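Working through the structure, step by step
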Amino acid sequence: MADDISLKCTCGEVTGKAAGLSAENTNHIICHCADCRTFVEHLGGRTEPEGGVQITQMSPARIRIIQGTENIRCLRLSEKGLFRWYTDCCNTPIGATPPSAGIPSVGMLHNFIDLPPEARTSVFGPVRGHVFLNEATGTAEQAAAIPKAGLALWVRMYGIVIGWKLRGDARRNFFFKDGQPIARPEILSVTP
Ligand SMILES: [Zn+2]
Ligand SMILES: [Zn+2]
């Protein structure tokens, strides 16, 4: 079964839809990498209780922004970093894409998904795994208590993108127009 879901920033200026999502065509994960954490905290948001951020990987071809495209901004944490998208009306993190129009994938942060947590699980399925636990905050004991993502999840995360690429989703990538990002990426200088 596939569902259309609403997308919305916290203040409601930016709204959209993501069409036809299911557990089969998404990857629901928790990412513990330092960059996701820095990005969310820079925008004034909070991570999950266990330290990571909830992400659903989906094809950007499924995304349609209904209003507020002009509020969408792009950040990078380094010269070669992912493109990290957010809204500048209320600093809602949207998600991250590879820095190339040719690779159709977006890791959508749940901050931008207008669904209660239980409903997210019913659309995307339960969390498939935790990634980048080596960068997790908290004690080694806490990290050890979280099940690590196996190789199968990584294979699935890359494999699903190859399927989208073959289907032509790179030509219907919302975050890029004529091969260029829809907002000019700004490099965030993080003071340690
Ligand atoms: Zn907003
Ligand atoms: Zn991450």
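Let us look at the structure shown here. Bear in mind the structure is a predicted one, so any value in this text is a computation, not a measurement.

Regarding the layout of surface pockets
By volume, the largest pocket amounts to about 580 Å³. Forming the boundary of the largest pocket are 22 residues, of which L82, S105, F132, W154 and M157 lie nearest the centre. For the lining of the largest pocket, the secondary structure elements donating two or more residues are β3 (27-31), α1 (34-42), β4 (53-58), β8 (93-97), β9 (106-109) and α4 (151-166). Per-element tally for the lining of the largest pocket: the top contributor is α4, with four residues. Its residues placed into classes, the lining of the largest pocket shows 16 nonpolar, four polar and two charged.

Re the side chain of T26
Relative to the helices and strands, T26 resides in the loop between β2 (15-21) and β3. Of note is the side chain of T26, whose polar atom sits 2.7 Å from the backbone oxygen of S22. Excluding its chain neighbours within four sequence positions, the residues that come into contact with T26 are L21, T56, Q57, M58, F124, R128, R156 and I160.

As for helix α2 (residues 117-124)
Think of an α-helix as 3.6 residues a turn; residues three or four steps apart then line up on the same face. By the burial criterion, the buried members of α2 are R120, V123 and F124. For α2, the angular spread of buried residues about the axis comes to 80°, placing them on one side. Away from the buried face of α2 by more than 90 degrees, exposed residues E118 and S122 are located. If you follow the buried residues of α2, they end up packed against β1 (3-8), β2, β3 and β4. Just downstream of α2 lies G125, where phi reads positive at about 80°.

Brief notes about the environment of T137
By secondary structure assignment, the location of T137 is in the loop between β10 (129-131) and α3 (140-145). Spatially, the C-alpha atom of T137 lies 6.1 Å from that of G51, the residues being 86 residues apart in sequence. If near-sequence neighbours (up to four positions away) are discounted, T137 is found in contact with R37 and G51.

Rules used in this analysis
Residues numbered from 1 in each chain as written. Chains lettered and ligands numbered in written order. Predicted model: local features only at pLDDT ≥ 70, side-chain atom pairs only at ≥ 80, totals over all residues. Heavy atoms only, no water. 1 Å grid on protein atoms, 1.4 Å probe; cavity = no way out; pocket = protein on both sides within 12 Å on 5 of 7 lines; lining within 4 Å. Points joined across faces, edges and corners; volume = space filled by probe spheres on them. Helix = DSSP H or I, 4+ residues; strand = E, 2+ residues; numbered from the N terminus. Nonpolar A, V, L, I, M, F, W, Y, C, P; charged D, E, K, R; others polar. Polar contact = N/O pair within 3.5 Å; in protein donor to acceptor, adjacent residues only side chain to side chain. Contact = heavy atoms within 4.5 Å. Buried < 20%, exposed > 50% of the residue type's maximum accessible area, 1.4 Å probe, protein only. Arc of directions from axis to C-beta.

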